[in-house]
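The lines below spell out each chain.
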Amino acid sequence: SLGPVRAGHQLDLKALQDYLQAQLPELFRGAPTSQGRIDRLVLRKKPPGKLLASAHAVEREYAVMAALSPTGFPVPRAVHLCQTEKPLGTPFYLMECVEGRIFLDPNLPELPPHQRTEIYRHMAQVEGWVQVLASLHSKDPGALGLASFGNPDRYCSRQLRRWGDQYTASVPSPTPGVTRLVDWLTRHVPETDASSSSAQNTTRPAIVHGEFRLDNIVFGSATTPKAASGSLSSSSSGGFLGCSPRAAALRERLEEFMRDHVYPAEEVLEAHAMGPQATRWTIHPLLEELKKKAKRAPP
C-alpha cells in the first residue's frame, strides 16, 4: 500500500542517482542489463535504526533471489546489491518490478466470496503454491551456489532459539503461555534435528522460506498467483526432516479418512457455504456427521 514517507525513511535521490549512474549506467541508457531488459525496478533497503538480530537481512534476500530466479522459481529478478551504507545510509538492493496485486488483509475484504475461496484453495492445493514450496525444498543449495547460505545442522533448535529471543526482545513482558510453549517445543525437538557429525542425522540440506504467507505473493489477476514477492530475508538452510513412524501412521490414517469421507462431502459443504446469507453460517448436518465419524475412527 502507498502512503506518505515516514520520518527517517526518506531517500537521498540525488545520491542514489549518482550511485546508480556509476554502478549501472545501462539503466540510464535504456540498454538491456545482464539480466535482460528491465523497465521498472523496486528498491528494497534495511530500515534505519536498531534492528532485531537477523531482521531485514536484505543481503541474504538478494543472494537467494539471485540464485533462484534463473531456475524459473517465481521470484523477481535480482539486479544489483549495495552492501555499504552509502548512498542511502543502509544496504539495499534492486529487483525487477513484478506487476500485480498484493493482498495485505488475509480476510480479503476487497474480493467477493468466490474469489477468496479460489485464492485460498490455490494456496492449499498440491498443484498450487504447495507445489511451489515443494520445488523450493527440493532444490540443492550447493548446486545453486548457496552452500554457505545457512547452517543445516540443528535447524529446529536454532529456529526456536531465534524466535524465542526475538519475541523476548520485542515485548515489555513475555506472556507466560508463550514462554511455556517455547519451553515445551524446545524439549520436544525431533531426534533427527542433529548435527552433521551425529549418527542420528539422516537429513539433507534444503532451502526454507521463512515468511510464506498471503501478503508475500504477487497475484497477476484477482485470483491467479504470479510470483512470490521479495520477502525472503528470513529464508534459511535447514535439515529436510522426514516423518517419525508415529507421525507417518497418523498421516496415513488422516489421508484415508479424507479420501473416504471428507473429499466426497466437499461439493455439498461448499454449496452450503456459498448458499443464501440466512443459512451459509449455519452448521450443515453432514459436518456434524463427519465429526462423529472422526471420533469413532480407530486410534
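Note: the structure precedes this text.
In what follows, the accompanying structure is described. A quick note: this is a predicted structure, and the numbers were derived from the prediction, not measured.

Let's talk about helix H8 (residues 245–273)
- Relative to the 42 Å expected for 29 residues at 1.5 Å per residue, H8 spans just 37 Å between its end C-alpha atoms, considerably shorter than the ideal helical length.
- Of all the bends found along H8, the most pronounced is centred on glutamate 266 and spans about 45 degrees.
- Listed as buried for H8 are Phe257, Val262, Ala265 and His272.
- On its buried face, H8 is in contact with helix H9 (285–296).

Regarding the packing of H8 against H9
- Direction vectors running N to C along H8 and H9 enclose 170 degrees, while the axes themselves pass 11 Å from each other. The angle between the axes of H8 and H9 places the two elements in the roughly antiparallel class. Residues Phe257, His261, Val262, Ala265, Val268 and Leu269 of H8 pack against Leu286, Leu287, Leu290, Lys293 and Ala294 of H9.
- By residue class, the composition of the contact of H8 with H9 is 9 nonpolar, 1 polar and 1 charged.

Focus on the pattern of salt bridges
- One pass over the full model with this rule turns up 10 salt bridges.
- Salt-bridge contacts for aspartate 18 lead to lysine 14; the nearest nitrogen and oxygen are separated by 2.7 Å. Taken together, the residues aspartate 18 and lysine 14, both in helix H1 (residues 13–23) and 4 residues apart, mark about one turn of the helix.
- Notably, a salt bridge pairs glutamate 96 with arginine 77, separated by 3.3 Å at the nearest N-O pair. Taken together, the residues span a long stretch of sequence, with glutamate 96 in strand E3 (residues 92–96) and arginine 77 in the loop between helix H3 (58–68) and strand E2 (78–82) at a distance of 19 residues.
- Glutamate 96 sits in the partly exposed class, given a relative accessible area of 23%.
- The class for arginine 77 is partly exposed, based on a relative accessible area of 22%.
- Here the salt bridges share partners, and the residues they tie into one network are Glu211, Arg213 and Asp215.

Considerations on the sheet that holds strand E1 (residues 41–45)
- Strand order across the open sheet formed by 3 strands is E1-E3-E2, with antiparallel pairing between neighbours. Looking at the sheet topology across the chains shown, the edges are occupied by E1 and E2. Strand-to-strand twist across the sheet, computed as the mean angle between neighbouring axes with direction ignored, equals 15 degrees.
- Helix-sheet contacts for H1 involve E1, E2 and E3, and the interaxial angle to E2 is about 115 degrees.

Here we look at a negative patch on the surface
- On the surface, a cluster of negative charge is made up of Glu252, Glu255, Glu256 and Asp260.
- Along the chain, the position of glutamate 252 falls in helix H8.

Brief notes about helix H6 (residues 155–170)
- With 16 residues, H6 should reach 22 Å at 1.5 Å per residue; the first-to-last C-alpha distance of 22 Å fits that figure.
- Within H6 the residues assigned to the buried category are Tyr155, Cys156, Arg158, Gln159, Leu160 and Gly164.

Thoughts on the environment of alanine 57
- Among the secondary structure elements, alanine 57 is positioned in the loop between E1 and H3.
- The spacing of alanine 57 and proline 91 is 34 residues in sequence and 9.2 Å in space, taken between C-alpha atoms.

Details of the packing of aromatic side chains
- Throughout the structure, instances matching the rule amount to 4 aromatic pairs.
- For the ring pair tryptophan 129 and phenylalanine 212, a centre distance of 5.9 Å and an interplane angle of 45 degrees mean the geometry is tilted. With tryptophan 129 in helix H5 (residues 129–138) and phenylalanine 212 in the loop between strand E4 (205–208) and strand E5 (217–219), this pair connects stretches of sequence that are 83 residues apart.
- Overall, phenylalanine 212 belongs to the partly exposed group, its relative accessible area being 26%.
- Just above the ring of phenylalanine 149 sits the side chain of arginine 60; from NZ or CZ to the centre is 4.2 Å.

Overview of the environment of isoleucine 283
- Looking at where isoleucine 283 falls in the secondary structure, it is placed in the loop between H8 and H9.
- Counting along the chain gives 11 residues from isoleucine 283 to histidine 272, while the straight-line C-alpha distance between them is 8.9 Å.
- The residues contacting isoleucine 283, other than those within four sequence positions of it, are His272 and Glu288.

A few points about the pairing of E2
- In terms of residue burial, E2 counts as a mostly covered element, since 4 of its 5 residues are buried.
- Pairing analysis gives 4 bridges linking E2 to E3, with the strands arranged antiparallel. Across the sheet, the residue bridging to histidine 80 is leucine 94, located in E3.

As for a nonpolar patch on the surface
- A contiguous nonpolar surface patch, about 280 Å² in accessible area, is contributed by Leu181, Trp184 and Leu185.
- Within the element layout of this structure, leucine 185 appears in helix H7 (residues 176–187).
- For leucine 185, a relative accessible area of 32% corresponds to the partly exposed category.

Parameters at a glance
Here the residue numbering is sequential within each chain, running from 1 through the sequence in written order. Local features in this predicted model are restricted to residues whose pLDDT is 70 or higher, and side-chain atom pairs enter the listing and the counts only when it is 80 or higher, whereas totals over whole chains, interfaces and linings include all residues. Values reported for side chains reflect all heavy atoms of the structure, with hydrogen atoms and water molecules removed beforehand. Counting from the N terminus, the helices are the DSSP runs of H or I reaching at least four residues and the strands are the DSSP runs of E reaching at least two. Under the convention used throughout, the expected extent of a helix is 1.5 Å for every residue step, that is, one less than its residue count. A residue's bend is the angle separating two fitted axes: one through the seven residues that end there, the other through the seven that start there. We call a residue buried when its accessible area falls under 20% of the maximum for its residue type, exposed when it is over 50%, and partly exposed in between, using a 1.4 Å probe and counting protein chains only. Note on definitions: a residue-residue contact is assigned when non-hydrogen atoms from the two residues lie within 4.5 Å. Here, axes are lines fitted to C-alpha atoms. For helices the fit covers the stretch in contact, and angles between N-to-C directions go from 0 to 180 degrees. Put simply, angles under 35 degrees are roughly parallel, angles over 145 are roughly antiparallel, angles from 65 to 115 are roughly perpendicular, and the rest are oblique. Polar here means any residue outside two lists: the nonpolar Ala, Val, Leu, Ile, Met, Phe, Trp, Tyr, Cys and Pro, and the charged Asp, Glu, Lys and Arg; Gly therefore counts as polar. One side-chain nitrogen of Lys or Arg within 4 Å of one carboxyl oxygen of Asp or Glu is enough to make a salt bridge. Any two strands are treated as partners once DSSP identifies two or more bridges connecting them. Surface patches are drawn from residues lacking salt bridges whose relative accessible area is over 30%; two like charges belong together within 9 Å, two nonpolar side chains (Val, Leu, Ile, Met, Phe, Trp, Tyr) within 5 Å. Accessible areas in this description were obtained via Shrake-Rupley with a 1.4 Å probe; residue shielding takes into account the shown protein chains only. When charges are counted, neither His nor the chain ends are considered; positive counts come from Lys and Arg and negative counts from Asp and Glu. Where a charge lies is defined by one atom per residue type, namely NZ (Lys), CZ (Arg), CG (Asp) and CD (Glu). Under the pairing criterion, centres of Phe, Tyr and Trp rings, with the six-membered ring standing for Trp, must be within 6.5 Å; the plane angle then separates stacked pairs below 30 degrees from edge-to-face pairs above 60, leaving the rest tilted. By the criterion adopted, a ring carries a charge over it if an Arg CZ or a Lys NZ lies within 6 Å of its centre and within 35 degrees of its normal.

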